[in-house]
Amino acid sequence: MIASKFAFRSPKDVEEAVRLYREFQGEAVYLSGGTDLVPRMKLGLEKPKAVIDLKRIASLTTVEDQGDWIRIGALARIFDIKQNNLVRQYFPALEASLEATSCESLQMRGTIGGNLLQNSRCLFYNQSEFWRRSKGFCLKMGGESCNAVPGAKTCFANYCSDNAPALRTLSAEVELSGPDEVRRLDLEELYTNKADKPFSLQPGEILTAIFVPKKKSDGGYKKLRVRGAVDYPLLGVAFSSVERTGKLAVGAIGPKPYVVEMKQPFQDTIGKAVKAVLKQVRPVGNTVVDPDYRKRMVSVLAARLVNKVMEGAK
Ligand SMILES: Cc1cc2nc3c(=O)[nH]c(=O)nc-3n(C[C@H](O)[C@H](O)[C@H](O)COP(=O)(O)OP(=O)(O)OC[C@H]3O[C@@H](n4cnc5c(N)ncnc54)[C@H](O)[C@@H]3O)c2cc1C
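Residues numbered from 1 in each chain as written. Predicted model: local features only at pLDDT ≥ 70, side-chain atom pairs only at ≥ 80, totals over all residues.

## Brief notes about the site of the ligand
As a structural note, the neighbourhood of the ligand is formed by 34 residues, with Gly33, Ser102, Gly110, Gly114 and Asn115 the closest of them. Residue assignment for the shell around the ligand shows that the elements contributing at least two residues are strand E2 (28–31), helix H2 (37–42), helix H7 (112–116) and strand E8 (206–213). In terms of residue class, the shell around the ligand is made up of 16 nonpolar, 14 polar and four charged. Here the shell around the ligand spans two domains, since at least three of its residues come from each of domain 1 (1–56) and domain 2 (58–117 + 157–313). (Near = placed C-beta within 6 Å. Helix = DSSP H or I, 4+ residues; strand = E, 2+ residues; numbered from the N terminus. Nonpolar A, V, L, I, M, F, W, Y, C, P; charged D, E, K, R; others polar. Domains from an automatic or database assignment.)

In structure tokens form, the structure reads like this:
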């Protein structure tokens, strides 16, 4: 499969990148590691007039201690962040989710910004154009209804970032630089809760950094996937305990991570937290496993994870 023709630009700073986006009148996409974008372009899911490569912007690649916050540049690579001492010391849930992301060769290319902004996935959507045409285009491709749940007017694609749930348990914030302003939001506000258009980014906005409160935490991440060596999550569960407050986040089972707070002792409140998550999620048959199995595994992974983390914290 060959991507359609596009212009390629490689700006030196964020301002130039945003200006280039404007020059192409919005028909451009930003490129970081390309491990999500390039397969999408090859499948014909994305046909931009221009690709604006952010990799030369050095200020976006660093991890810095800023006192009350750790700033992680959006272009920092997964492989580098998981080995960063600050991340290992303060954010064990994030260290574990970075380790669980795809495989090491992709971690050496993929960035944390691209990981958060990867598009949602569906068995009926991440296919070649030829395959998709034979089925008729779904909602996410501009069609009339969902192909996973015939007749449905809602898109059920799954947002499969392994690191978003971990960052949600750590109360992370994101910084966006656009044509008009630089703004900082709670990570939760990055999501629209709509799988066919999962992010609230304005046209031309660049995710420049992720800010995580510099507070010691206990935590971890567990993931359900077909092959331990590489696959996307069919379900991801993150847990962090910061200053005696617990947060459980569940990802890859809808258009965004779902988060619930837990009170101590955490082991006693797992059932309640899982119930609160399950009220929000609606898994359907759009992955390689049964939706009921994925739903049941929420409580299995949550119990394993919280018990293990609290055992280690003693
Ligand atoms: C075989 C395979 C297995 C994978 N397994 C996993 C997995 O297990 N878990 C997982 O989480 N992911 C997985 N991925 C997806 C992907 O590899 C990672 O999510 C990776 O971190 C994406 O980062 P990237 O820099 O390559 O993103 P890119 O492909 O460069 O970008 C992703 C999207 O974000 C946009 N974008 C990128 N950076 C910015 C920015 N700074 N500002 C604004 N927009 C931006 C791009 O336009 C694009 O739409 C897998 C991919 C493959 C091919």
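After that view of the structure, there is still more to cover.
## Considerations on the nonpolar core
By size, the foremost hydrophobic cluster in this structure holds 72 residues, and its most contacted members are Leu54, Ala93, Leu167, Ile210, Val237 and Ala302. Counting residues per element, this core draws most heavily on helix H11 (residues 291–313), which supplies six residues. In this structure, this core is formed jointly by two domains, domain 1 (1–56) and domain 2 (58–117 + 157–313), each of which donates at least three residues. Apart from residues lying up to four places away in sequence, Leu167 is in contact with Leu94, Ala172, Leu187, Ile210 and Val212. With nine residues, the next largest nonpolar core counts Cys138, Leu139, Cys155 and Ala195 among its residues. (Core = buried A, V, L, I, M, F, W, Y, C linked by C-beta atoms within 7 Å. Buried ≥ 20, exposed ≤ 12 C-beta atoms within 10 Å, placed from the backbone. Contact = placed C-beta atoms within 7 Å.)

## Some details on helix H1 (residues 14–23)
For H1, the set of buried residues is Ala17, Val18 and Tyr21. Axial view of H1: buried residues confined to an arc of 95°, hence all on one face. Facing away from the buried side of H1, by more than 90 degrees, are the exposed residues Glu15 and Arg22. Just downstream of H1 lies Gln25, where phi reads positive at about 50°. (Arc of directions from axis to C-beta.)

## Some thoughts on the sheet that holds strand E1 (residues 7–9)
With parallel pairing, three strands are arranged side by side in an open sheet as E1-E3-E2. The open sheet terminates on both sides in strands that have one partner only, identified here as E1 and E2. Strand-to-strand twist in this sheet, taken as the mean axis angle between neighbours without regard to direction, amounts to 25°. The pairing of E1 with strand E3 (residues 50–53) spans three bridges and is parallel. Of the residues in E3, the one forming a bridge with Arg9 is Ile52. (Pairing = 2+ DSSP bridges. Axes fitted to C-alpha atoms, helices over the stretch in contact; angles between N-to-C directions.)

## Section: the sheet that holds strand E5 (residues 69–73)
Pairing in this open sheet of five strands is antiparallel, and the strands run E4-E5-E8-E6-E7 from one edge to the other. Only two strands of the sheet have a single neighbouring strand rather than two, namely strand E4 (63–65) and strand E7 (182–186). When strand polarity is set aside, the average angle formed by the axes of neighbouring strands in this sheet is 20°. Pairing of strand E6 (residues 173–177) with E8 involves five bridges; the strand directions are antiparallel.

## Here we look at the environment of Tyr159
Relative to the elements of secondary structure, Tyr159 occurs in the loop between helix H8 (129–135) and helix H9 (163–169). The exposure class assigned to Tyr159 is buried, which follows from the 24 C-beta atoms found within 10 Å. Spatially, the C-alpha atoms of Tyr159 and Ala249 are 13 Å apart, while their sequence positions differ by 90 residues. For Tyr159, the residues in contact, after removing those within four places along its chain, are Ser120, Pro198, Gly251, Ala252, Gly254, Pro255 and Lys256.

## Examining the pairing of strand E9 (residues 217–224)
Strand residues, when the strand is regular, have side chains that alternate between the two faces of the sheet. Most of E9 sits inside the fold, with seven of its eight residues counted as buried. Pairing of E9 with strand E10 (residues 235–242), which is carried by eight bridges, proceeds in the antiparallel orientation. Counted as the bridge partner of Gly219 is Ser240 from E10.

## Regarding the domain arrangement of the chain
You can read the domains of the chain as domain 1 (1–56) and domain 2 (58–117 + 157–313). For domain 1 versus domain 2, the distance between C-alpha centres works out to 25 Å. Facing the 13 residues of domain 1 at the interface are 15 residues of domain 2. Top element by residues in the side of domain 1 that touches domain 2 is H1. It accounts for five residues.

## Re the packing of helix H10 (residues 270–278) against H11
Running from N to C, H10 and H11 cross one another at 145°; their axes reach a closest spacing of 10 Å. In the crossing of H10 with H11, the sense of the turn from one axis to the other is right-handed. Residues Ile270, Ala273, Val274, Val277 and Leu278 of H10 touch H11, and the partners they reach there are Lys295, Val298, Ser299, Ala302, Ala303 and Val306. In terms of residue class, the contact of H10 with H11 is made up of nine nonpolar, one polar and one charged. (Left-handed = near helix turned anticlockwise from the far one by under 90°.)

## Focus on the environment of Lys256
Tracing the backbone shows Lys256 in the loop between strand E11 (245–251) and strand E12 (258–262). Judged by the 26 C-beta atoms lying within 10 Å of it, Lys256 falls in the buried class. Put simply, Lys256 and Ala164 are 92 residues apart on the chain and 8.4 Å apart in space, counted from C-alpha to C-alpha. When near neighbours in sequence (up to four residues on either side) are disregarded, Lys256 contacts Tyr159, Tyr191, Asn193 and Pro198.

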